[in-house]
Amino acid sequence: MSIDFGQNKILKARSVLVGLVTLSFILAKLHWLHAPLDRDEGTYLYLGKCFIEGYRPYIDFYEIKPPGVFFVYGIFYQIFGNSIIALHIGLAMVQLLSSIIIFSLTNSMFNNKLAATIAFCIYLLLCLSTSLLSFGLNSEFFINLFFILSLYFLYRSTHYNTVQYLFVSGLCLAMCVMIRQQAVVFILPYIAVFFMLCKNKQLPIQSGIYIFLGFAMYVGLLISYVCYRSGFSEMYYWVWERPFSFYLENITWTKGKAYMLHFLNNFVIENYIVLICCLVGLIAIMINQKIGTDIKLFLTLLFIVSLIAIVPGFRFFPHYWIYLIPFLSLSASGLHLLGREKTMISIMLIFLTSHLLVNAKTFFITPAIQSYSNIYGKNPNIAVKKITDYIKKHANKQDKLYVFGSEPQVYFEADFIPNLRHVYVAFAFQPLPTDTIFQAEILDYLQKEKPKYILHVQNSLSVLLHPKSSKLLYEELFKIEESEYKPIIFAKINENHGNAVECFYGEDAVKQSIFEKNYVVLYQRKY
């Protein structure tokens, strides 16, 4: 038996490349393990917990997202609990699993291990990008996971000719689509791959029936559950009417363009080496005549729908751009077409090592909490985390808590579920017919339940007080706090000193001014 020593060397070189990126990924994730939850993470985790514990979706709690987001985050909560460390380990596992799946998917598309290795490395490195908020438990990572899983099982069905893989593929596609409304666009590239496989006689056209059954079963079960809990009309309002009545019309293109350019500047500065790899790889795929037109069409379509998913509302939030990671990873895999495998592995080692060295300060050296503060600016997340830790230590299970702000992570981490559906106060200050109703419900809760603690987040990004909305809650809350509560912790966010958080306790907290524009204060009931 002969041994191909050349192939052994190539295999070892690929292993070195994968090992370098994976080890760097693990070390960076350990460095960011204690990063506070932001309001999006906190919202989805809290609502997922409510869903799993039997509260009625869109009645006892709500969000402007399909019910799939409650289910996915509820399962995630069941597995990893409410510890920030455990949650970030779970996020790293989701990202690593996605990278492994992209490896298999790329290998199925190009039948080339080097292409698959490059895609794996690029995906994992982009999961370290701070400009994408990749340290956070963002829903886009789950959407990416289930989308590439749906394609993975679709390809698997061509090798094993079993309907189970087709059914699971449709199920995963439905899980992707039911997390956020804009994820529905990923059905288009999925259909493109399906017809590509049918055209190549790898799948019979009738196999689509099993895909549809998997898709329909998941969607049907979720919606049926919502209907069973009497929440269909409320779901329709929150998932369809509310977003179109306010969310999509709130930001002008001029303002949105400024957001977009600001993000792109940060993203390119951080990831220019990786982006060069992606661009060169994509060009190599598009000009290579051996690569089928179907794959080129799929990549083009994937790029277009990923951009479409980012655009709604013109917010261009950093985490929206996570949708591009599968496209960028698959594009970079085209580098395998440019030379001998050993040569390309050496080039990739140089490029990816350079990327890690350029970003070493953020990934491994600068304290994560300092980098986090720089990224989030005047957002109150760090101050909120400090006070949440105090609540966890001093509050009892029978105590009641109200958070004035849009920080449901406090409820989630401190293990409180108030008898109140409005845990994201910004919804109560949107200039819609519901604003006075929602504010009245919150005031009614405060008067009837008389919570022991009120956490007041005085921050424009949290409250989002709109000039055209009712100010009833805002004005009455200060009166209630002054007459019935005393401050026990006052966390001031100093915007003139890098958004540093300074905490005052007891009598020192009482002396602080509530006329500061950016602070978080924990009140305790006087009697």
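Keep in mind that this is a model prediction, so the values were computed, not measured.

Student: Kindly report on the overall build of the chain, identifying the contributing residues and their values.
Tutor: Within the chain, the secondary structure is distributed over 22 helices and five strands. Rg of the C-alpha trace for the chain: 25 Å, near the compact-globule value of 24 Å for 527 residues, within the 12% margin. A principal-axis box enclosing the C-alpha atoms of the chain has dimensions of 85 × 50 × 45 Å. Looking at the chain as a whole, 56% of its 527 residues qualify as buried. About 22,800 Å² of surface is accessible on the chain, with carbon and sulfur atoms providing 63% of the total.

Student: Hey, could you go over the sheet that holds strand E3 (residues 485–494) for me, with residue numbers and the actual values?
Tutor: Whenever strands of a sheet pair, they do so through backbone hydrogen bonds, lying parallel or antiparallel. Taken in spatial order, the five strands line up as E1-E2-E5-E3-E4 in an open sheet, and their pairing is mixed. What marks the edges here is a single partner per strand, and that holds for strand E1 (401–404) and strand E4 (500–505). Taking each pair of neighbouring strands and ignoring which way they run, the sheet shows an average axis angle of 15 degrees. In this fold helix H17 (residues 381–394) packs onto E1, strand E2 (453–458), E3, E4 and strand E5 (519–525), with an angle of close to 20 degrees to the strand it touches most, E5.

Student: Account for a positive patch on the surface, with residues named and values stated.
Tutor: Together, Lys9, Lys12, Arg340 and Lys342 make up a positively charged patch on the protein surface. Considering the arrangement of structural elements, one finds Arg340 in the loop between helix H13 (325–332) and helix H14 (341–358).

Student: Which residues make up the pairing of E1, and what values do they have?
Tutor: On E1, burial covers both faces: Leu401 and Val403 on one face and Tyr402 and Phe404 on the other are all buried. For E1 and E2, the ladder comprises four bridges, and the chain directions are parallel. Its bridge partner lying in E2, Leu401 is registered against Tyr453.

Student: Account for the packing of helix H12 (residues 293–310) against H13, naming residues and giving values.
Tutor: Between two packed helices, the angle of one axis relative to the other and the distance separating the axes together describe the packing. At their nearest, the axes of H12 and H13 sit 9 Å apart, and the two run at 150 degrees to each other. The angle between H12 and H13 falls in the class roughly antiparallel. Pair H12 / H13 crosses with left-handed handedness. Here H12 contributes Phe298, Leu299, Leu302 and Phe303 to the contact with H13, which in turn contributes Pro326, Phe327 and Leu330. In terms of residue class, the contact of H12 with H13 is built from seven nonpolar, no polar and no charged.

Student: Give a description of the packing of aromatic side chains that names residues and reports values.
Tutor: If you walk through the whole model with that rule in mind, you get 43 aromatic pairs. Here the aromatic rings of Phe135 and Tyr372 are separated by 5.8 Å at their centres, their planes lie at 55 degrees, and the arrangement is tilted. Residue Phe135 is located in the loop between helix H5 (113–126) and helix H6 (139–160), and its partner Tyr372 is located in helix H16 (residues 368–376); the two are separated by 237 residues in the primary sequence. Ring centres of Phe263 and Phe267 lie 5.3 Å apart, and the angle between their planes is 15 degrees; this geometry places the pair in the stacked category. One end of the pair is Phe263 and the other is Phe267, both in helix H11 (residues 253–287) and four residues apart, which spans about a single turn. Each member of the pair, Phe263 as well as Phe267, carries the same accessibility label: buried. Taken together, the ring pairs connect Tyr62, Tyr237, Trp238, Tyr424, Phe427 and Phe438 into an aromatic cluster. We note Arg525 situated over the ring of Tyr527; from NZ or CZ to the ring centre the distance is 5.3 Å.

Student: Any chance you could break down the nonpolar core for me, citing the residues and the numbers?
Tutor: By size, the foremost hydrophobic cluster in this structure holds 173 residues, and its most contacted members are Phe186 and Tyr402. When residues of this core are assigned to their parent elements, the largest contribution, 13 residues, is made by H6. What Tyr402 contacts, discounting residues up to four positions off in sequence, is Tyr411, Leu420, Val425, Ile442, Tyr445, Leu446, Pro451, Tyr453, Ile454, Leu455 and Leu473. Core analysis: the second largest hydrophobic core is formed by eight residues, Trp32, Leu133, Ala368 and Tyr372 among them.

Student: Report on the pattern of salt bridges, specifying residues and quantitative values.
Tutor: A full pass over the atoms with the stated rule returns 16 salt bridges. Notably, a salt bridge pairs Asp399 with Lys452, separated by 3.8 Å at the nearest N-O pair. Of this pair, Asp399 sits in the loop between H17 and E1 while Lys452 is found in the loop between helix H19 (435–449) and E2, placing the two residues 53 residues apart along the sequence. Residue classification places Asp399 among the buried positions, given a relative accessible area of 12%. Arg421 is the partner of Glu441 in a salt bridge, and the nearest nitrogen-oxygen pair spans 3.2 Å. Of this pair, Glu441 sits in helix H19 while Arg421 sits in the loop between helix H18 (409–414) and H19; the two residues are 20 residues apart in sequence, bridging distant segments of the chain. If you follow the salt bridges from partner to partner, you end up with Lys49, Lys397 and Asp415 in one network.

Student: Please set out a nonpolar patch on the surface residue by residue, giving values where relevant.
Tutor: Taken together, the side chains of Val268, Tyr272, Ile276, Val280, Leu338, Ile347, Ile350, Phe351 and Val358 make up a nonpolar region of the molecular surface, amounting to roughly 730 Å² of accessible area. Looking at the nonpolar patch, the elements with two or more residues in it are H11 and H14. Residue position: Leu338 is located in the loop between H13 and H14. Its relative accessible area of 46% is what places Leu338 among the partly exposed residues.

Student: Outline helix H8 (residues 187–199), listing residues and values.
Tutor: End to end, H8 covers 18 Å across 13 residues, agreeing with the expected 18 Å (1.5 Å per residue, within 8%). Listed in full, the buried residues belonging to H8 are Pro189, Tyr190, Val193, Phe194, Met196, Leu197 and Cys198. Looking at the buried residues of H8, the elements they touch are helix H4 (84–110), H6, helix H7 (163–177), helix H9 (208–228) and H12.

Procedures and definitions
Residues numbered from 1 in each chain as written. Predicted model: local features only at pLDDT ≥ 70, side-chain atom pairs only at ≥ 80, totals over all residues. Heavy atoms only, no water. Helix = DSSP H or I, 4+ residues; strand = E, 2+ residues; numbered from the N terminus. Rg over C-alpha atoms; globule rule 2.2 N^0.38 Å. Buried < 20%, exposed > 50% of the residue type's maximum accessible area, 1.4 Å probe, protein only. Areas by Shrake-Rupley, 256 points an atom, 1.4 Å probe, with all protein chains shown as cover. Pairing = 2+ DSSP bridges. Axes fitted to C-alpha atoms, helices over the stretch in contact; angles between N-to-C directions. Contact = heavy atoms within 4.5 Å. Patch = residues over 30% accessible without salt bridge, like charges linked within 9 Å, V, L, I, M, F, W, Y side chains within 5 Å. Salt bridge = Lys/Arg side-chain N within 4 Å of Asp/Glu carboxyl O. Lys, Arg positive; Asp, Glu negative; His and termini not counted. Charge placed at Lys NZ, Arg CZ, Asp CG, Glu CD. Parallel < 35°, antiparallel > 145°, perpendicular 65-115°, else oblique. Left-handed = near helix turned anticlockwise from the far one by under 90°. Nonpolar A, V, L, I, M, F, W, Y, C, P; charged D, E, K, R; others polar. Phe/Tyr/Trp six-rings, centres within 6.5 Å; stacked < 30°, edge-to-face > 60°. Lys NZ or Arg CZ within 6 Å of the ring centre and 35° of its normal. Core = buried A, V, L, I, M, F, W, Y, C linked by side-chain atoms within 4.5 Å. Expected span 1.5 Å × (residues − 1).

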